[in-house]
Amino acid sequence: MSIRDLENAVEHWSFYDMKEQLRRHVYQRSEEAFDAGDEARDRLSGIQDAEARKKSMRGRFIEAIGGLPPSDTPLNPKVAGSIRRDGFRIEKIIFESRPGNYVTANMYIPEDAVFPCAAVLFLCGHDKGAKCQAQYQLVCQYLVNAGLAVLAIDPIGQGERLSYYEKSIHDATVAWGTFEHDYTGSQCMPLGNCMAKYFLHDSMRAVDYLCKRKEVDPRKIGVTGNSGGGLQTAMMMICDDRIAAAAPGTFIMNRRTNLYATVHQDNEQLWPKMSKEGFDHEDVLLMMAPKPVLILSVKYDFFPIEGTRQTVARAKRFWELYGRADCLELFEEQSKHCYT
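In what follows, the accompanying structure is described.

Analysis parameters
Residues numbered from 1 in each chain as written. Predicted model: local features only at pLDDT ≥ 70, side-chain atom pairs only at ≥ 80, totals over all residues. Heavy atoms only, no water. Phe/Tyr/Trp six-rings, centres within 6.5 Å; stacked < 30°, edge-to-face > 60°. Buried < 20%, exposed > 50% of the residue type's maximum accessible area, 1.4 Å probe, protein only. Helix = DSSP H or I, 4+ residues; strand = E, 2+ residues; numbered from the N terminus. Contact = heavy atoms within 4.5 Å. Axes fitted to C-alpha atoms, helices over the stretch in contact; angles between N-to-C directions. Parallel < 35°, antiparallel > 145°, perpendicular 65-115°, else oblique. Left-handed = near helix turned anticlockwise from the far one by under 90°. Nonpolar A, V, L, I, M, F, W, Y, C, P; charged D, E, K, R; others polar. Core = buried A, V, L, I, M, F, W, Y, C linked by side-chain atoms within 4.5 Å.

### Examining the packing of aromatic side chains
Next up, step 1: Under the defined criterion, the tally for this structure stands at 11 aromatic pairs.
Next up, step 2: Geometrically, the ring pair formed by tryptophan 271 and phenylalanine 279 is edge-to-face, given 6.1 Å between the ring centres and 70° between the ring planes.
Next up, step 3: Judged by its relative accessible area of 9%, tryptophan 271 falls in the buried class.
Next up, step 4: Linked through ring pairs, Phe61, Trp271 and Phe279 together constitute an aromatic cluster.

Structure follows, in structure tokens:
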């Protein structure tokens with residue numbers, strides 16, 4: 001008798017409902033892990049406890065994604081062109097996050113700023129055009145017109161970074177975005193690696209590049225992005241202490257509410273064993289305390305807004321521990337899933 005026969009036999013033979021058994025098992029274990037994580041964070045009673053939790057969770061996260069590639073290799077940056085606009089210019093940048101791994105980017109430089117100025121690393125969500133997508137360009141223009149330098153990079157599998165492009169057919173043999181992420185990631189995971197490590201490393205090397213620009217004050221680099229860019233922003237919040245401020249968009253929630261929303265996660269969002277460790281988005285926010293963090297959310301997201309509200313409400317006590325309660329904010333927009 002096959003598994004499918006057993007699944008379909010419940011009504012006739014009164015077998016145990018096998019069709020839901022595995023999911024119930026996974027959900028129960030997840031609930032237990034979420035409860036244990038909440039309890040562990042609730043026991044944090046001072047700055048020393050908070051710093052210990054940060055160090056522990058950061059180490060476990062980096063281990064979970066397979067470690068990080070070295071960041072001491074030459075960036076070999078090149079400017080492929082420049083476009084002048086009213087009040088700013090855009091440089092077309094290529095740098096190597098790892099030898100032979102090219103990251104394409106746009107650098108927005110304000111004309112009338114006092115240099116060195118503050119800068120923003122803009123991380124794109126799942127859009128085929130990536131840094132060239134109209135809405136993302138609009139966000140970058142708002143930021144540069146506010147006097148900030150902005151570096152927008154193409155993620156793996158988007159924009160000018162299709163990993164499986166074939167010149168002979170003038171197209172990619174693996175579709176862009178989540179298809180490429182899952183295709184590549186499924187090959188990484190049996191080796192103990194995770195696509196997340198490469199997304200994160202590209203972002204960290206982008207900060208390396210910003211720190212080398214004479215226009216940028218390396219003490220004043222923020223990061224933002226929504227959806228997949230919100231994920232990348234969260235990973236930078238976890239791992240890169242150089243980030244002075246963060247505005248993750250349409251991603252921060254909690255994993256319990258997201259579990260029941262049954263939202264599909266692509267490969268760079270899969271962090272092996274972190275549920276077992278009791279890790280949740282509350283830990284992502286803790287990593288940034290007491291630095292300024294603005295959570296950008298929309299009320300009609302497929303990531304449940306209830307989870308976002310719960311996580312921010314619970315995380316406020318971390319900023320209170322440091323005496324900086326005013327440095328964590330939640331902004332809610334009347335919109336669907338996008339960077340508004």
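Here the narrative resumes, following the displayed structure.
### What to know about the side chain of lysine 54
Next up, step 1: In this structure, lysine 54 sits in helix α4 (residues 47-64).
Next up, step 2: Lysine 54 sits in the buried class, given a relative accessible area of 6%.
Next up, step 3: When residues no more than four places from it in sequence are discounted, the contact partners of lysine 54 are Leu286, Met287, Ala289 and Tyr322.

### Focus: the packing of helix α3 (residues 21-42) against helix α11 (residues 305-321)
Next up, step 1: Interaxial distance between α3 and α11 falls to 12 Å at its minimum, and their mutual angle equals 25°. Considering their axes alone, α3 and α11 lie roughly parallel with respect to each other. α3 and α11 meet at a crossing whose hand is left-handed. Residue-level inspection shows Asp38, Arg41 and Asp42 of α3 in contact with α11, the latter providing Arg314, Arg317 and Phe318.
Next up, step 2: Residues belonging to the contact of α3 with α11 are distributed by class as follows: one nonpolar, no polar and five charged.

### Here's the deal with unusual backbone geometry
Next up, step 1: A cis amide bond links phenylalanine 115 with the next residue in sequence, proline 116, at an omega value of -5°.
Next up, step 2: Take proline 116: it is sitting in the loop between β3 (101-110) and β4 (117-123).
Next up, step 3: The peptide bond linking alanine 289 to proline 290 adopts the cis configuration, its omega dihedral lying at 10°.
Next up, step 4: In this fold, proline 290 is placed in the loop between α10 (281-288) and β10 (293-300).
Next up, step 5: In this model, alanine 130 sits at a positive phi of 50°, which is unusual for a non-glycine residue.

### What about the nonpolar core?
Next up, step 1: Residues Leu121, Trp271 and Trp319 are the most contacted members of the largest nonpolar core, which totals 69 residues.
Next up, step 2: Ignoring anything within four residues of it in the chain, the contact list for leucine 121 reads Leu151, Ile153, Ser203, Ala206, Val207, Leu210, Gly222, Val223, Thr224 and Met236.
Next up, step 3: Of all hydrophobic cores here, the second largest spans 17 residues; its members include Cys124, Ala130, Leu143 and Val150.

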